[in-house]
Structure formats: C-alpha cells, structure tokens
Amino acid sequence: MATIEAMRAGEVKVFVSMGGNFAMAAPDTEATFDALRNTDLTVQASTKLNRSHLIHGRGALILPCLGRTEKDVRRGGEQGVSVEDSMSMVHLSYGMRKPASPHLLSECAILAGMAHATLPDSATPWESLVEDYDRIRDTMAAVLNGFEDFNRRVRMPLGFRIRQPARERVFLTESGHAEFCASPLPDVVPPAGKLMLSTVRSHDEWNTTIYSDNDRYRGVKNLRTLLFMNAADMAERGLRESDLIDITSFARDGSTRTVWGYRVIAYDIPVGNVSGYMPELNVLCGIGDFSTQSDQPLMKHQIVSVTPAATRPQQAEVGAS
C-alpha cells in the first residue's frame, strides 16, 4: 500500500516486478493504474504477458525469463531452485523442457545482472552466485534460521520442513508456554441496507491467472462478472437468479466505487454477506482501506450496496466511479 501511495506521489522512479501481475492484484484498480503510470520506468521480468505489461511507466521494459519448467544451465551445470509448498516443505525443482529461447535468463541471473551493473563496486560476488545456485543457498544457510546445512537437506528425498516451533509445542515466549490474549473485535455487521463483500478466487484461477470462466467449486460456468448472494438478501431487493445488478462500495474516506451489469447468483452464504471474484472486484476496494496491523488491503471486508442494474446503452459494461 505504501508503494502505491509513493508512486502516486512521484516518490518512486523505477518499479521492478519479478513475475506477478501487480496492476490487477492490487486494490483500487484505477488508483493503482495511475500510480504505475506516474513512474519513470516499469520493469517486468515475466514468463507470460498480463495486464501489468500494458499499465506501465513513461518507459517500460519486459524481460522474458526462464520458467520453472525450463532447464536452467549455467557454468556450474544444470541448476535447481528451491521451492516451498503449502505444507512448509522445501525441495529442489529442476526444469525438464528445452528453453523457449537460448537467450532467456533466470530470475536469479536477471537480478544479479542488474545488481552488478548498478553496483559495480559491491563486495557481493553477484556473477559467482548465479553461476552455481548452491552458492546462493550456502549464503542463505549462513544467515537464515532454519536453513542450516541447506544444500544437503534440500536434496533429501522429500526435502525438509521449515521448522515451526509452535507445531512442536515449543513456544518462544518469556514463560515458555503458549500465551493467549483477548482482543476487541471491530463491528463486522454492515449498516442497515448494506452488505459485506469478500472477494475470492474461482477453481480455475491461480492468483490473477484465470484459466477458464468456470468455477467447479461453486457450480458456475462461463461467468465471472457475478455476485453470490443469500436468497433472502436477493428477495429483500427484489432480485431473481441471474438478474443484472450494480454494486457500489463505500470506502472509509467516504468515496464510492461502482461496477455495473454484474449477474446475481443465489448461494448458500450467510445473510448480510456477498462474495465475488478477484481481480474483477478489486476496483471496489479503496486505496485507503487497509489493515493498520498488516498493511493488507481489506478485500475481504468491503461494505457495499446492491441494486438492480440501471438502464445503460451497454448493460454489461464494467466501470468505476
């Protein structure tokens, strides 16, 4: 959030992204677009094109890089990168396919090349590190708790699990015991007539990469511009299945944002709550609506109103006001 605000204020000259789709993953889509366009240069190291390549600074570079499925051969031989799964298991990953081009570099090589070019007097042996990724892992082992003996452990048949002391009932507190505290909860009940929106992903979606318009989780096909609602909330607003609706969000600063011509879908969701897909609904999250503890945007906690779609020349248009 601080980065977006700094770009909007002109305090960031260069924005470098290693993969990802920042323009679409961030909240308040129009504000994020304006922020990126206000930089002198945006640089994207990417394996595939996405919207962030079109929303860029006054200058822009796209640096195609090796994907994890492609072989990465350096002077030290074929390289493997360490990856962590959702169970905190770390193992090595080797590409199996011939690279799409002999000119492609890995993300590691691109970063090291940029560092070597901009910091020629640096004591860090950038070129040496990327000739053999074991050297990177040796450096990590020296400075990161839990990564000791990294290169040997990562080559074990199943890799190794990052240590989680609490999982082993080891509590790093002064008492040595688990310590609980009660914290006051904010009022999560929306104002009268309003609903609480939470954005989610579909089955055929990975972050902002959408593989199809189907969602096997929720029985939806060929549709993403939708809103899941409780049948009682629909009836209260005179809505029927698949009706066109407009959705307006209410930010903390009093501003509003609207998307138009979405479809309403009846779903088993608690009364007073609605849900829809990201990144399509990211536009509804105000740039100033974020957690003061984590600095994360409140995309799971947006106050909205839902009304039958207003008559427009292009009913299915999606926009923001």
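(A) The overall build of the protein, seen in detail. Across its full length, the protein holds eight helices and 16 strands. On the principal axes, the C-alpha backbone points of the protein span a range of 65 × 55 × 40 Å. Residue burial in the protein is summarised as follows: out of 321 residues, 40% are buried. Pairs at least 24 apart in sequence give 61% of the contacts found in the protein among residues at least 6 apart. Summed over all atoms, the accessible surface of the protein reaches about 19000 Å², with 54% contributed by carbon and sulfur. Across the protein, the 34 positively charged side chains and the 39 negatively charged ones have centroids separated by 5 Å.

(B) Representation of the sheet that holds strand β2 (residues 41-46) in the model. The strand order across the open sheet built from three strands is β1-β2-β3, with neighbouring strands paired in parallel fashion. At either margin of the open sheet sits one strand with a lone partner, and together these are β1 (14-18) and β3 (59-64). Across the sheet, the axes of successive neighbouring strands diverge by a mean angle of 10 degrees, strand direction being ignored. For β2 and β3, the ladder comprises six bridges, and the chain directions are parallel. Each bridged residue has a counterpart across the sheet, and for V43 the counterpart in β3 is L61.

(C) How the structure looks around the environment of H203. Examined against the element boundaries, H203 turns out to sit in the loop between β9 (195-200) and β10 (205-206). Sequence separation between H203 and R216 is 13 residues; the distance between their C-alpha atoms is 5.8 Å. Excluding residues within four positions of it along the chain, H203 makes contact with D215, R216 and Y217. A polar side-chain atom of H203 sits 3.3 Å from a polar atom in the side chain of R216.

(D) The sheet that holds strand β6 (residues 81-84), seen in detail. Here three strands make up an open sheet; going across it, the order is β6-β7-β8 and the pairing antiparallel. Both edges of this open sheet fall to β6 and β8 (160-161), since each of them pairs with a single strand only. Pairing geometry for strand β7 (residues 89-93) and β8, over two bridges, is antiparallel. Each bridged residue has a counterpart across the sheet, and for V90 the counterpart in β8 is F160.

(E) Layout of the side chain of E205. Residue position: E205 is located in strand β10. What makes E205 buried here is its relative accessible area of 7%. In this structure the side chain of E205 is engaged in a polar contact, spanning 3.0 Å, whose partner is the backbone nitrogen of S202. Filtering out sequence-adjacent residues up to four positions away, E205 remains in contact with I210, Y211, R224, M278 and P279.

(F) Summary view of the pattern of salt bridges. On inspection of all chains with the given rule, the structure shows 13 salt bridges. In this structure, D28 and R257 form a salt bridge, with 2.9 Å as the shortest nitrogen-oxygen distance. In this pair, D28 is assigned in the loop between α2 (22-25) and α3 (29-37) and R257 in strand β14 (residues 256-266), connecting sequence segments 229 residues apart. In this structure R257 comes out as buried when scored by relative accessible area, which is 12%. Here E168 ties to R163 by a salt bridge, and the two come within 3.3 Å at their closest N and O atoms.

Rules behind the numbers
Residues numbered from 1 in each chain as written. Predicted model: local features only at pLDDT ≥ 70, side-chain atom pairs only at ≥ 80, totals over all residues. Heavy atoms only, no water. Helix = DSSP H or I, 4+ residues; strand = E, 2+ residues; numbered from the N terminus. Buried < 20%, exposed > 50% of the residue type's maximum accessible area, 1.4 Å probe, protein only. Contact = heavy atoms within 4.5 Å. Areas by Shrake-Rupley, 256 points an atom, 1.4 Å probe, with all protein chains shown as cover. Lys, Arg positive; Asp, Glu negative; His and termini not counted. Charge placed at Lys NZ, Arg CZ, Asp CG, Glu CD. Pairing = 2+ DSSP bridges. Axes fitted to C-alpha atoms, helices over the stretch in contact; angles between N-to-C directions. Polar contact = N/O pair within 3.5 Å; in protein donor to acceptor, adjacent residues only side chain to side chain. Salt bridge = Lys/Arg side-chain N within 4 Å of Asp/Glu carboxyl O.

Geometric values such as these leave the question of function open.
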